[in-house]
Amino acid sequence: MSRVNFPFTAVSGQSLFKTALILAAINPGIGGVLVNGPRGTAKSTLARGFADILPNELQNFVTLPLSATEEMLVGTLDLQLVLSEQKVNFKPGILAKAHQGIVYVDEVNLLADSLVDLLLDVSASGINYIERDGISHQHESRFILLGTMNPEEGELRAQLLDRFGLSVELSAQYSINERVEIVCLREAFDQDPNAFIAKYADQQQQLQQDITNAQALLGQVSCPLALRQFIAQRCHDANVDGLRADIVWFKTALAHAAWQGHAEVTKVDILAVEELVLNHRRNAGQSPSQYPQSPPPAENNQQQPPSTPPPFSRPESTYPQASQFSPPSASAEPSSSEQAGSNMQQSDSSEWGSMPAISQPMTNILAVELPIKQQDAKKKLTDKLALASKNNNGAVLGGQKASQNTTASPDWFATLVASLGRWPPAGLRFKKAKTGQPILHVILLDTSGSTLKKRQLSRAKAAIMHIAEQAYKQRELLCIFGFGNDAIEAVMPKQKAPKYIQHLLDSITAGGGTPIREMLTQVRAYQANSQKQQGGLAFRNYLLTDGRISQDVDDLKLTGHTVLIDTEDSAIKRGRGAEIAQQLDCEYLVLPT
């Protein structure tokens with residue numbers, strides 16, 4: 001029995017999501033759609049209904065399960081043919097079935113990064129290349145990639161995020177009337193699906209015809225040079241990385257013009273899709289409210305941009321640019337950040353202060369630089385930090401040490417080669433187990449106001465720099481969270497440790513109180529989701545704090561090996577660093593002065 005989908009045109013609201021899907025159908029070369037939103041925002045309902053309004057040649061709808069393997073996705077050796085006819089042949093996978101259709105991935109942020117990478121590669125090229133199991137094969141695989149995710153369940157790697165052509169941010173905030181309307185529509189569908197679908201048949205057919213007409217017109221749509229420059233200026237103003245935003249925006253504007261029946265792109269088309277293109281590419285410090293920084297080019301028709309504002313806007317970052325900072329000289333008067341940190345000593349450090357965020361860039365501090373030969377205490381700290389990426393026995397995790405261990409999965413190609421034409425094979429060969437273990441270094445930086453005293457925050461940043469350098473050398477993963485000033489901030493999402501992060505560290509500000517319990521709670525959930533996404537992931541946690549915390553945290557232990565680095569600069573410790581380390585059952589280190 002075939003599945004009956006809720007009609008696409010019957011879904012109430014979510015106009016931006018619908019627009020993104022329609023534009024991707026008109027021009028699949030846009031590169032797919034990522035939908036980000038909490039539960040109950042019609043993500044799956046619209047995704048499944050989308051297939052019904054596509055032209056007939058695009059109605060293959062394939063769902064990629066989270067349990068999918070690389071063999072299921074790209075294809076593999078046809079084992080049945082091997083056993084019955086002793087022939088090596090290719091067995092198509094999901095990507096072959098999805099040709100001229102849709103690949104739908106629910107909770108794409110929980111899918112293994114390697115599979116997401118494969119999906120995006122094939123989606124961009126339209127060709128699936130297979131070089132595995134003794135097979136060299138390629139086939140067409142042109143499809144629309146549609147991924148949905150709930151941000152509460154973990155983020156998508158930044159490199160993969162950028163490769164989705166369009167992104168939509170959904171809100172679960174509905175008015176009373178909207179809630180009633182949605183419930184009534186769902187009730188009518190559940191009572192008699194066939195009658196409900198018939199009621200919207202004309203709208204569905206009309207939308208399908210509109211998409212077909214737009215596809216036919218797309219190749220004839222032109223874009224004036226002035227509007228190409230306008231797109232480039234907007235991307236420049238948004239501080240996007242690379243040129244993918246420019247290319248996608250151009251393609252999307254063409255599709256929007258074709259959908260509206262225009263033979264030439266107008267500024268209305270460009271502004272109508274701006275948020276879809278920049279939502280996931282706009283870098284920190286930029287928000288839709290800051291646009292336009294440059295006026296759009298004048299047009300004779302004087303068309304106005306859409307009056308409805310985008311349903312989502314990013315809050316402005318409180319982080320100033322690193323170029324605004326200049327390290328103070330040794331003889332300078334105490335900085336405002338040091339004075340603020342001193343003032344914080346007069347208040348209860350457990351309270352969430354309301355002081356404004358203040359910057360304190362990293363400077364050249366010998367206590368955490370490498371190599372350190374002058375002071376044994378400092379060298380001891382450096383050595384311990386350097387060993388933080390190793391296990392308790394000192395063997396490097398994540399390395400590529402040779403191993404002869406094998407898995408329980410037969411390697412059929414190797415088995416056939418080893419048998420030299422004999423049948424049945426003399427013995428099975430098994431695939432080798434992957435060596436090494438993926439490591440994620442999780443850095444938790446206290447950015448409360450008290451860390452500004454005596455440049456504690458600067459020294460903590462220098463320690464993070466060293467940890468990042470070690471992770472970079474081992475080609476391991478790194479993420480950084482800041483907690484202070486009434487907020488937990490994801491300073492750097494999970495990614496391969498970059499070579500240079502000083503600019504990022506210098507942009508971190510501090511102020512207010514220390515929400516350590518909230519931070520630990522969020523990080524525990526983050527670790528659980530990361531392990532779902534990447535099985536076997538090991539954690540190395542670093543909590544950098546001055547210990548000016550009154551809350552107990554003994555019920556919030558983190559997964560993996562944890563090191564608490566006490567940043568308090570005082571001969572007599574007023575903070576509770578050692579006590580917190582004991583509660584978290586972790587190693588305790590003191591950052592030297």
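Residues numbered from 1 in each chain as written. Predicted model: local features only at pLDDT ≥ 70, side-chain atom pairs only at ≥ 80, totals over all residues. Heavy atoms only, no water.

Caption draft 1: The overall build of the chain, seen in detail. Of the regular secondary structure elements, the chain holds 21 helices and 19 strands. For the chain, buried positions account for 49% of its 593 residues. In the chain, 77% of the contacts between residues at least 6 apart in sequence involve partners at least 24 apart. For the chain, the exposed surface amounts to about 28500 Å²; the carbon and sulfur share of it is 50%. (Helix = DSSP H or I, 4+ residues; strand = E, 2+ residues; numbered from the N terminus. Buried < 20%, exposed > 50% of the residue type's maximum accessible area, 1.4 Å probe, protein only. Contact = heavy atoms within 4.5 Å. Areas by Shrake-Rupley, 256 points an atom, 1.4 Å probe, with all protein chains shown as cover.)

Caption draft 2: Inspection of the sheet that holds strand β13 (residues 439-446) at higher detail. Read from one edge of the open sheet, six strands run β15-β14-β13-β17-β18-β19, paired in mixed fashion. Two strands lie at the open edges of the sheet, namely β15 (487-496) and β19 (587-590), each paired on one side alone. Each neighbouring strand pair of the sheet contributes to a mean axis angle of 15 degrees, computed without reference to strand direction. As judged from the seven bridges shared by strand β14 (residues 477-484) and β15, these two strands associate in the antiparallel manner. Paired with F481 across the bridge in β15 is A490. Contacts from helix α18 (residues 456-473) reach β13, β14, β17 (538-545) and β18 (561-566), with the element oriented near 175 degrees to β13. (Pairing = 2+ DSSP bridges. Axes fitted to C-alpha atoms, helices over the stretch in contact; angles between N-to-C directions.)

Caption draft 3: Region of interest: the pattern of salt bridges. Under the defined criterion, the tally for this structure stands at eight salt bridges. Two residues, D555 and R517, come together in a salt bridge whose shortest N-O distance is 3.0 Å. Placement of D555 in the loop between β17 and β18 and of R517 in helix α20 (residues 516-533) is noted, with a sequence separation of 38 residues between them. Judged by relative accessible area, R517 falls into the partly exposed class, the value being 25%. For E579, the salt bridge is made with R576, and the minimal N-O distance between the two is 3.0 Å. Owing to a relative accessible area of 37%, E579 belongs among the partly exposed residues under this scheme. (Salt bridge = Lys/Arg side-chain N within 4 Å of Asp/Glu carboxyl O.)

Caption draft 4: Expanded view of the pairing of β17. Across the eight residues of β17, eight count as buried, placing the element largely inside the fold. Burial along β17 is two-sided: the face carrying A538, R540, Y542 and L544 and the face carrying F539, N541, L543 and T545 are both buried. Bridge count between β13 and β17: seven bridges; the pairing is parallel. Bridging from a neighbouring strand, L444 pairs with L543 of β17. Relative to β18, β17 is paired through six bridges, and the arrangement is parallel. What sits directly across from L544, in β18, is I565.

Caption draft 5: Highlighting the environment of D554. Looking at the element boundaries, D554 is found in the loop between β17 and β18. A relative accessible area of 45% places D554 in the partly exposed class. D554 sits 31 residues away from D585 along the chain, and the two C-alpha atoms are 8.2 Å apart.

Caption draft 6: Structural view of helix α12 (residues 244-259). With 16 residues, α12 should cover 22 Å at 1.5 Å per step; its first-to-last C-alpha distance of 22 Å lies within 8% of that length. If you check which residues of α12 are buried, you get A245, D246, V248, W249, T252, A253, L254, A255, H256, A257 and A258. Each element contacted by the buried residues of α12 is listed here: α1 (15-26), β9 (166-169), α10 (201-218), α11 (225-237), α13 (267-272) and α14 (274-278). Of the residues one or two after α12, G261 is the one with positive phi, at around 80 degrees. (Expected span 1.5 Å × (residues − 1).)

Caption draft 7: Region of the structure containing the sheet that holds β9. The strand order across the open sheet built from five strands is β2-β5-β8-β1-β9, with neighbouring strands paired in parallel fashion. Pairing within the sheet leaves two strands with one partner each, and these edge strands are β2 (60-63) and β9. For this sheet, the mean angle separating the axes of adjacent strands, direction not counted, is 15 degrees.

Caption draft 8: Region of the structure containing the confidence of the model for the chain. Of the residues in the chain, 70% reach a pLDDT of 70 or more, and the chain-wide mean stands at 76. Below a pLDDT of 50 lies the segment residues 365-382, which in the model reaches 31 contacts outside its immediate sequence neighbourhood of four places, other chains included. Predicted confidence for residues 384-403 stays below pLDDT 50, and this span has 35 contacts to residues more than four positions away or in other chains. (pLDDT = per-residue confidence, 0-100.)

Caption draft 9: The arrangement of the nonpolar core in detail. Core analysis: the biggest nonpolar cluster contains 61 residues, and V33, F50, L146 and V265 have the highest contact counts within it. Dropping the residues within four chain positions of it, V33 is found in contact with A20, L21, A24, L145, L146, G147, F164, L166 and V168. (Core = buried A, V, L, I, M, F, W, Y, C linked by side-chain atoms within 4.5 Å.)

Caption draft 10: Looking closely at the packing of α10 against α12. Contact pair α10 / α12: the axes reach a minimum separation of 8 Å and the direction vectors enclose 120 degrees. Classified by the interaxial angle, the pair formed by α10 and α12 is oblique. Here α10 runs over α12; the crossing is right-handed. Where α10 abuts α12, its residues A214, L217 and L218 lie against L254, A255, A258 and W259. Looking at side-chain class alone, the contact of α10 with α12 contains seven nonpolar, no polar and no charged residues. (Parallel < 35°, antiparallel > 145°, perpendicular 65-115°, else oblique. Left-handed = near helix turned anticlockwise from the far one by under 90°. Nonpolar A, V, L, I, M, F, W, Y, C, P; charged D, E, K, R; others polar.)

Caption draft 11: Region of interest: the packing of aromatic side chains. Throughout the structure, instances matching the rule amount to seven aromatic pairs. Grouped by ring-pair contacts, the aromatic residues F6, F189, F196 and Y200 constitute a single cluster. (Phe/Tyr/Trp six-rings, centres within 6.5 Å; stacked < 30°, edge-to-face > 60°.)

Caption draft 12: Geometry of the pairing of β13. Burial analysis of β13 places eight of its eight residues in the buried class, the great majority of the element. On β13, burial covers both faces: I439, H441, I443 and L445 on one face and L440, V442, L444 and D446 on the other are all buried. Since β13 and β14 lie parallel, the crossover through α18 that links them has a hand, and here it is right-handed. (Right-handed = clockwise from strand over helix to strand, strands pointing away.)

Caption draft 13: Region of the structure containing unusual backbone geometry. Despite not being glycine, A42 has its phi angle at roughly 65 degrees, a positive value. Mapped onto the secondary structure, A42 falls in the loop between β1 (33-36) and α2 (43-50). Backbone geometry at E107 places phi at a positive 60 degrees, although glycine is not the residue there.

Caption draft 14: Expanded view of the environment of A257. Note on placement: A257 falls in helix α12. Sequence spacing of A257 and V268 is eleven residues, and the spatial spacing of their C-alpha atoms is 8.9 Å.

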